[in-house]
Every structure is written in C-alpha cells, then in structure tokens.
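# Working through the structure, step by step
Each chain is listed here by its residues.
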Amino acid sequence: MVNIQWYPGHMEKARREMSEKMKVVDMVIECRDARIPLASKNPLIDQLVGQKPRLILLTKTDLADPMKTKEWISYFNQENQKAITVNLKKGQGFQKEIIVACLELNRKRRDKQRSRGIEPRAIRAMVCGIPNVGKSTLINRISGKNRLEAANRPGITRSLTWLHADRELDLLDTPGVLWPKFEDQKVASLLAVLGSINEDILDPKFIAMDAIRSIQEGYPHFFTQAYAIQEDMNPNQVLKAIAEKRGFKLEGDVLDTKRAAQSFIYDLRKAKFGGISLESVHEGM
Ligand SMILES: Nc1nc2c(ncn2[C@@H]2O[C@H](COP(=O)(O)OP(=O)(O)OP(=O)(O)O)[C@@H](O)[C@H]2O)c(=O)[nH]1
Ligand SMILES: [Mg+2]
C-alpha cells in the first residue's frame, strides 16, 4: 500500500497568498475536473471562499461521460452557486456563458451600488482549483490572449497573475493547490491517475488498479469492450490481461504489468475509449 501525499512548499505559499487576495476579490471561479468532480474539490477552498459567490466550472467535459456530466451540473446548481461545463479544447462557445453567470452572481451587490449612484467596476474573480485542471487555459480562452503558460503537467503556474479578461471581468490566475493530507487515498489516486499529482512520486500500478476498480463500478463492460478481455477480473488480473494483449513482456516472458498500467493511464487520460467519468452523483449524496 503506497501512501500518496503531495503538498510542496509552493502550494502552501500560494494558499497564503490566495487567502490574502480574497479580501479584494468579489467571487471565486472554482475549476473542477468533470471526470472527478468530488475528488477534485479542494477542501481548503471552502474555508477560503467563505460567503462570497462561487461559480463551479467542470472542465475537460470532452473527456468525460456526457450523461454523468449532466447529472453533476444539476447536483451543483444551488443558491449562491452555479455550475457550468466547459470544453477548453474547443476554445469557443462558453466565454459568454461564464461572463453572464459572473454578472448574475454579483447582480444584487452591483445593483445596490448603482442605486447609490456608483458605477460598478469590473468583477474581480479568483480562478482556483487543483493542479492541471485548466485554470490558465480558461483565462487564456476568456481573454482571447495566450498570455499565461499552460501545459499538461501539474504545477505549471507558480504565481498569482491578474488579467483583464473582459470589460466586465478581471480574472486572477492562481497556482494549482492541493491540501496537506489526503484522508482518503482513493481521492489521491483519482487525482493521480488523471494527472494532477507529480508523476515522480507515483507508482503507476497502484494508481491504475484503483482507477480500474472505479471504472468497473460505473462501467461493468468497459474492459471487455476496450481491450477484448474477459469480464469479472480483479484489477491485477486486468493489468496482466492488458500486458498479454499488448505483448508487454519482461525478460523470461514475464508479463510487464507496470508497462500495462502506464499504457492504460495514458489511454484513459486521452479518453481513447470514449469519455468516461470516474465518479457518479450517488457518491456525493
Ligand atoms: N481535453 C481538454 N484538455 C484541457 C481542457 N482544459 C485544459 N486542458 C488541458 O489541460 C492541461 C492543463 O491546463 P492548464 O491550463 O495548464 O491547467 P492549470 O489548472 O492552469 O494547471 P496548473 O497551473 O499546473 O495548476 C493543458 O494541456 C490543457 O490544454 C479541456 O477542457 N479539455
Ligand atoms: Mg496554470
């Protein structure tokens, strides 16, 4: 059993800076991965946000299961909180929806200002979320400029940066932040398998097996369809069967299950076998 923890110094520093900046922001845009909307919820963010309005963005919907994403959206849409899905790969079609949602969440406060004869300034929103969820990409897309560095690795953004994204909206990019201790290691391995934890500290077999278990719960026929392997195998047997199918062998004809795990994780992240979500709404009830 491997214990995954990843809370490097730069995250603690970012958390402190974000807490400081909360005083000057009007709202928070919390990015979560549509494939793991519960595991990608950072508990630190609740403390940080307090009573300020919050917009939840489910990112990477192009890689998720559309039916499950729909269920998650109605689950998250609550008073003083709104949820929207975005496919940032597509680049268009969501900017306006996000701006309108931000305006709506700040409407009462801004109307009050107007009634006192004050013209409200642009809304200041802090964009936060776990590493690699798409925060910088989102801000680049809304502002229409590629000013922020974004890449498919966790821990790219290291400082807080304001960008005037729209006439009505200023966005603050923040570094991806996790939390000091994963109480539930299943959460840690879901974050790991989708690329939000530093790869150097991970055992691919361990995280692949956890993901296989989650997929088997939500999609009983997945492995038969994707790899043409027998149903009702345990995760270790699934890895062996993938190694066998793919011809991944070590010296002496031993099956290379580590390579099978790496190949499975790679395909899963790219949604090679179609969009799938690793968590379902009933888990959040
Ligand atoms: N397929 C897909 N890829 C996305 C989407 N959003 C972001 N990405 C990709 O996810 C990777 C991470 O994006 P970033 O914008 O760097 O993520 P971040 O949250 O700023 O990451 P950190 O700065 O490390 O915390 C990039 O390769 C993006 O192209 C999406 O909606 N769909
Ligand atoms: Mg970033």
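Definitions and limits used
Residues numbered from 1 in each chain as written. Chains lettered and ligands numbered in written order. Predicted model: local features only at pLDDT ≥ 70, side-chain atom pairs only at ≥ 80, totals over all residues. Heavy atoms only, no water. Donors = N, O, S within 2.8 Å, 3.2 Å for Na, K, Ca; no water. Helix = DSSP H or I, 4+ residues; strand = E, 2+ residues; numbered from the N terminus. Buried < 20%, exposed > 50% of the residue type's maximum accessible area, 1.4 Å probe, protein only. Pairing = 2+ DSSP bridges. Axes fitted to C-alpha atoms, helices over the stretch in contact; angles between N-to-C directions. Parallel < 35°, antiparallel > 145°, perpendicular 65-115°, else oblique. Left-handed = near helix turned anticlockwise from the far one by under 90°. Contact = heavy atoms within 4.5 Å.

### Thoughts on the coordination of the magnesium ion (ligand 2)
Here the magnesium ion (ligand 2) is held by S136 (OG) and T157 (OG1), and the distances to it run 2.0 to 2.1 Å. A residue pair is termed long-range when its members are at least 10 positions apart, and S136 in helix 6 (residues 135-143) and T157 in the loop between helix 6 and strand 5 (161-166) qualify at 21 residues. When sorted by exposure, S136 lands in the same class as T157, which is buried.

### Section: the sheet that holds strand 3 (residues 81-85)
In space, the 6 strands of this open sheet follow the order 3-2-1-4-6-5, with mixed pairing throughout. Edge positions in the open sheet fall to strand 3 and strand 5, since each of these has one partner strand only. Averaged over all adjacent pairs, the angle separating strand axes in this sheet is 25°, with direction ignored. By the bridge criterion, 5 bridges tie strand 4 (residues 123-129) to strand 6 (residues 169-173) in an arrangement that is parallel. Bridge pairing in strand 6 links M126 to L172.

### Regarding the packing of helix 8 (residues 204-218) against helix 11 (residues 257-269)
Helix-helix packing is described using two parameters, namely the angle between the two axes and the distance between the axes. It is at 9 Å that the axes of helix 8 and helix 11 come closest, and there the two elements cross at 55°. In terms of orientation, helix 8 and helix 11 fall into the oblique class. Handedness of the helix 8/helix 11 crossing: left-handed. Across the interface between the two elements, P204, K205, I207, A208, A211, I212 and I215 of helix 8 pack against T257, K258, A261, Q262, F264, I265 and L268 of helix 11.

### Topic: the environment of V127
Among the structural elements, V127 can be located in strand 4. Along the sequence, V127 and L172 sit 45 residues apart, while their C-alpha atoms lie 5.7 Å from each other. Those residues in contact with V127, other than ones at most four positions away along the chain, are I29, C31, K135, L138, I139, L171, L172, D173 and T174.

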